[in-house]
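Fold and geometry: a report
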Amino acid sequence: LLFVTPFIGFGQINPDLIGDRYGVIAHGSCVLRQEQGQSLGTDLLPVAGLEFYYENSPLGIWLKKYRTVSFTVAIEHNDSTTTDTLSRIDMTFGRGSVQDPVAVGSAVPGTSNYYIGHTATESVPAFAKAVYRDAWPYTNVYFYGSNSGPRMSFVVMPGGDPSAISLNFNGQDS
């Protein structure tokens, strides 16, 4: 789901603390796992530019450097005669010097360990929320998990312009 949240406030209010329209955000089993080299591409090398990815999500969502988010869905078949399908769409946004995504708040309880061949990546934290700050002037893009799955919100702070928000998609064929 996508939300544009106008941020109207007085004084110094932290936009990282804003909830979504359905209640408290950042809870549930859908979390953002921090990338520390445990995700490998088809070439068996770490995925370049990956910062976070969703776990326990109905589709793959990968938060990358350089204002890019990849959405993937796999259709796998149980027989060997039908070809499996993997679809991916990349979304880019923002202008100028938007920062790479960063975690917001403390890690959720528990860590994960990954053992691939002779390589171990241990104690990898997960977070409930991550943000691309200043995707547009005075506008942040938040990604977070909830009981109903992943969410994305745009928080437009005073001085920001909601009409400046634009998203570009690559990879779709229809």
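In what follows, the structure referred to is the one given above.
Every value quoted in this text rests on a predicted model; they were computed, and no experiment measured them. (Residues numbered from 1 in each chain as written. Predicted model: local features only at pLDDT ≥ 70, side-chain atom pairs only at ≥ 80, totals over all residues. Heavy atoms only, no water.)

Focus: the pattern of salt bridges
The following threshold applies: When a carboxyl oxygen of Asp or Glu lies within 4 Å of a side-chain nitrogen of Lys or Arg, that pair is called a salt bridge. Here a helix means four or more residues in a row that DSSP labels H or I, a strand means two or more in a row labelled E, and each is numbered from the N terminus. The buried label goes to any residue with under 20% of its type's maximum accessible area, the exposed label to any with over 50%, and the partly exposed label to all in between, with areas taken from a 1.4 Å probe on protein chains only.
On inspection of all chains with the given rule, the structure shows three salt bridges. Between Glu-51 and Lys-65 there is a salt bridge, with its nearest N and O atoms 3.8 Å apart. Taken together, the residues Glu-51 in strand β3 (residues 50–55) and Lys-65 in the loop between β4 (60–64) and β5 (68–75) connect sequence positions 14 residues apart. In this structure, the salt-bridge partner of Arg-88 is Asp-90, at a minimum N-O distance of 2.8 Å. A residue is classified by how much of its surface remains accessible, and Asp-90, at 16% relative accessible area, is buried.

Considerations on unusual backbone geometry
The phi dihedral of Leu-44 is positive, around 65°, even though this residue is not glycine. Position of Leu-44 relative to the elements: it lies in the loop between β2 (31–34) and β3. Leu-44 sits in the exposed class, given a relative accessible area of 64%. The phi angle at Ser-123 is positive, at roughly 55°, despite the residue not being glycine. Within the fold, Ser-123 resides in strand β9 (residues 119–127).

What about the pairing of β9?
Inclusion rule: Here, a strand pair is defined by DSSP locating no fewer than two bridges between the strands.
Pairing of β2 with β9 involves two bridges; the strand directions are antiparallel. Counted as the bridge partner of Arg-33 is Ala-126 from β9. Note: strand β8 (residues 107–116) against β9, six bridges, orientation antiparallel. If you follow Tyr-115 over to β9, its bridge partner there is Ala-120. Between β8 and β9, which pair antiparallel one after the other, the connecting turn spans two residues, and Gly-117 there sits at a positive phi close to 60°.

Some words on the sheet that holds strand β6 (residues 85–93)
We count it as follows: Lines fitted to C-alpha atoms define the axes here, with helix axes fitted over just the stretch in contact, and angles between the N-to-C directions of these axes take values from 0 to 180 degrees.
Strand order across the open sheet formed by eight strands is β8-β9-β2-β3-β4-β5-β6-β13, with antiparallel pairing between neighbours. The two strands at the open ends of the sheet, each matched to only one other strand, are β8 and β13 (167–170). In this sheet, adjacent strand axes meet at a mean angle of 25° when their direction is disregarded. Examined bridge by bridge, β5 and β6 share eight bridges and lie antiparallel to one another. Paired with Ile-75 across the two strands is Thr-85, which belongs to β6.

Let's talk about the nonpolar core
Inclusion rule: Buried residues of nine kinds, namely Ala, Val, Leu, Ile, Met, Phe, Trp, Tyr and Cys, make up a nonpolar core once their side-chain atoms join them within 4.5 Å. In what follows, residue pairs with any heavy atoms lying within 4.5 Å of each other are defined as contacts.
Counting 20 residues, the largest nonpolar core has Leu-63, Val-69, Phe-93, Val-141 and Phe-143 as the members making the most contacts within it. Every element with two or more residues in this core is listed here: β3, β4, β6, β10 (129–136), β11 (139–146) and β12 (149–156). Here the element with the most residues in this core is β10; it accounts for four residues. In contact with Phe-143, other than residues within four places in its own chain, are Leu-32, Tyr-54, Leu-63, Val-69, Met-91, Ala-128, Lys-129, Ala-130, Tyr-132, Arg-151 and Met-152. Grouped together as the second largest cluster of nonpolar side chains are six residues, Val-104, Tyr-142, Tyr-144 and Val-155 included.

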